[in-house]
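# Notes for the structure review
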Amino acid sequence: MVKTMEWQHDALEILDQTKLPVEISFIKCTTYLRVAEAIKRLEVRGAPAIGAAAGFAMVLGWQQLMREGKAELQNFAAIRDELIAARPTAVNLAWAANKLYAKAEAMAEQSAEEIAAALEALAQKIYADDIACNKKMGEYGAALLPPHTRILTHCNAGALATCGWGTALGVIRAAHAQGKIDMVYADETRPLLQGARLTVWELMQDNIPVTVITDNMAAWTMKQKGINAVVTGADRIALNGDTANKIGTYGVALAAKHHGIPFYIAAPVSTFDFNIATGAEIPIEERSADEVRRLQGVVTAPQDAPAYNPAFDVTPAELITGIITEYGVIKPPYLENIKKLQLKTKEENFNG
Ligand code: MRU
């Protein structure tokens, strides 16, 4: 399994996902600004992966402040805010950056060097914990799937979108290891083809049976190919269970509902936003119109055609059969059960 990123103490090496599957190349980020740029350009992407990258970027930011003799909290807060602004929808980004900032704040009386060491250890812990969470999610999710599963997924919620293993693809990996997966149908995921380029590549590397379809084939494929489960990742989940994920997820959930197919979300606790009541409060990133007017650089619409390019949509909670987390599967009533999850994670943090 190719590593999404590698921490090198004074640099973060990132696998350039914009080049996959044609080329495997890496970008060495020596500044927090280069990491922010990589997040904006989707060189590193997927909610948990951008959270981990932001954690390491905060370490690079603190190291830079130390070199410049400006290692103060207010300067660190500015770096945190710049990183959070890189992409607005995936809450993991703010979650990780805030965690690192809170660590520095709690150590305000200690030396800049001690803070640097603690920040580095915390960023590495976020990275390592993500893999462990994915593995747990995989087991909980696989238990939901029947023998002879023909499953559909959207975008890429795999090893590439995380620190390894994957959320939705982690569930598929675990189910495959149990001999339950007959076929994975991967939506190509326009406009940037994370499904075709990344999910299909990742699954083929691991010899998991996969078939790529264009996005407009999803409903028909459900009907014709006997799809019996759908699983996707998430970028932000509100208290009531409304879930933001890659644009097109909402349509897939609607089609699944019509066909009576269970629709699951797989996401770690870091993807929950306990501060918002519903999906209406989730900021949706809008990206360049050229991503819609072109396909991999080739013009496919009149150059000056007005184009709308929301990068995410929100699937209403009532279309979601269950949310697979590292703490188990959350079922409706979501508000009540997500509040219980919040309480559990608060207690655990309190107990260290
Ligand atoms: O724009 P992207 O490629 O970052 O969007 C990624 C997704 O929507 C994923 O499904 C989500 O982040 C979950 S990744 C485990």
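Computed from a prediction, not measured in an experiment: that's the story for all the values here. (Residues numbered from 1 in each chain as written. Predicted model: local features only at pLDDT ≥ 70, side-chain atom pairs only at ≥ 80, totals over all residues. Heavy atoms only, no water.)

## Notes on the layout of surface pockets
Within this model, the largest pocket holds a volume of roughly 1,200 Å³. When residues of the lining of the largest pocket are traced back to their parent elements, those giving at least two are α2 (47-67), α4 (91-106), α5 (112-142) and α11 (334-350). Here the residues of the lining of the largest pocket are counted per class, giving 14 nonpolar, nine polar and ten charged. Looking at the second largest pocket, its volume works out to about 300 Å³. Around the second largest pocket sit 17 residues that line it, and Thr18, Leu192, Arg197, Glu291 and Gln296 are the ones nearest its centre. For the lining of the second largest pocket, the elements supplying multiple residues, two or more each, are α7 (194-205), α10 (290-293) and β11 (294-295). Residue composition of the lining of the second largest pocket, by class: five nonpolar, four polar and eight charged. (1 Å grid on protein atoms, 1.4 Å probe; cavity = no way out; pocket = protein on both sides within 12 Å on 5 of 7 lines; lining within 4 Å. Points joined across faces, edges and corners; volume = space filled by probe spheres on them. Helix = DSSP H or I, 4+ residues; strand = E, 2+ residues; numbered from the N terminus. Nonpolar A, V, L, I, M, F, W, Y, C, P; charged D, E, K, R; others polar.)

## Quick look at empty space enclosed by the protein
Evaluated as defined, the whole model comprises three cavities of 30 Å³ or more. In this structure, the largest cavity occupies an estimated 210 Å³ of space. Lining the largest cavity are 28 residues; nearest its centre among them are Arg45, Gly46, Ala47, Asn156 and Asp235. Residue contributions to the lining of the largest cavity peak at three residues, all from α2. Residues that form the lining of the largest cavity fall into these classes: 13 nonpolar, ten polar and five charged. What lines the second largest cavity is Met1, Val2, Ala159, Leu160, Arg173, Trp201, Glu202, Gln205 and Asp206.

## Let's talk about the sheet that holds strand β9 (residues 243-246)
Spatial ordering of the open sheet is given by β8-β9-β13, a layout of three strands whose pairing is antiparallel. For this open sheet the edge positions go to β8 (236-237) and β13 (312-315), each flanked by a neighbour on one side alone. In this structure, β8 lies alongside β9, joined through two bridges in antiparallel fashion. Looking at β9, one finds that Ile237 is bridged to Thr243. Lying on the sheet, helix α9 (residues 249-259) is in contact with β9 and β13; it crosses β13 at an angle near 35 degrees. (Pairing = 2+ DSSP bridges. Contact = heavy atoms within 4.5 Å. Axes fitted to C-alpha atoms, helices over the stretch in contact; angles between N-to-C directions.)

## Focus: the pairing of strand β10 (residues 263-266)
Every regular strand shows the same layout, with side chains that alternate between the two sheet faces. Side-chain alternation along β10 places Phe263 and Ile265 on one buried face and Tyr264 and Ala266 on a second face that is also buried. Of the pairings in the sheet, the one linking strand β7 (residues 229-232) to β10 comprises three bridges and is parallel in character. Its bridge partner being in β10, Thr232 is matched across the sheet by Ile265. The pairing of β10 with strand β14 (residues 322-325) spans three bridges and is parallel. Looking across to β14, one finds that Ala266 is bridged to Ile324. (Buried < 20%, exposed > 50% of the residue type's maximum accessible area, 1.4 Å probe, protein only.)

## Examining the site of the ligand
Every one of the 18 residues lining the ligand counts as a neighbour, but Arg45, Ala47, Arg87, Asn245 and Lys246 are closest to it. In the environment of the ligand, an oxygen atom lies 3.0 Å from a nitrogen or oxygen atom belonging to the backbone of Gly46. Side-chain polar atom of Gln194 to an oxygen atom of the ligand: 2.9 Å apart, as the coordinates give it. About the coverage of the ligand: the protein hides 99% of its 410 Å² of free accessible area. In this structure the site holding the ligand corresponds to the largest cavity. If you list the elements that add at least two residues to the shell around the ligand, you get α2 and β9. Among the residues forming the shell around the ligand, the class breakdown is seven nonpolar, seven polar and four charged. (Near = heavy atom within 4 Å. Polar contact = N/O pair within 3.5 Å; in protein donor to acceptor, adjacent residues only side chain to side chain. Areas by Shrake-Rupley, 256 points an atom, 1.4 Å probe, with all protein chains shown as cover. Sits in = over half its atoms within 2 Å of the grid points.)

## Quick notes on the environment of Gly260
Of note, Gly260 is situated in the loop between α9 and β10. According to the relative accessible area criterion, Gly260 is exposed, its value standing at 63%. Linking Gly260 and Ala229, residues 31 residues apart in sequence, is a C-alpha distance of 9.4 Å.

## Brief notes about the pattern of salt bridges
Applying the stated rule across the entire model yields 18 salt bridges. The shortest N-O distance in the salt bridge between Lys125 and Asp129 comes to 2.7 Å. One end of the pair is Lys125 and the other is Asp129, both in helix α5 and four residues apart, which spans about a single turn. Here Asp290 and Arg294 are joined by a salt bridge, their closest N and O atoms 3.7 Å apart. (Salt bridge = Lys/Arg side-chain N within 4 Å of Asp/Glu carboxyl O.)

## Digging into the pairing of β14
Residues of β14 alternate between two faces, with Gly322 and Ile324 on one and Ile323 and Thr325 on the opposite face, all of them buried. The pairing of β14 with strand β15 (residues 328-330) spans three bridges and is antiparallel. For Thr325, the partnering residue across the bridge sits in β15 and is Gly328. Counted between consecutive antiparallel strands, the loop separating β14 from β15 contains two residues.

## As for the sheet that holds β7
One open sheet holds the seven strands; their spatial order is β6-β5-β4-β7-β10-β14-β15, and the pairing between them is mixed. If you trace the sheet from one side to the other, it starts and ends with β6 (210-213) and β15, each paired once. For this sheet, the mean angle separating the axes of adjacent strands, direction not counted, is 25 degrees. Against the sheet, α5 makes contact with β10, β14 and β15, and its axis sits at roughly 145 degrees relative to β14, the strand it touches most. Contacts from α7 reach β4 (149-153), β5 (181-187) and β6, with the element oriented near 160 degrees to β5.

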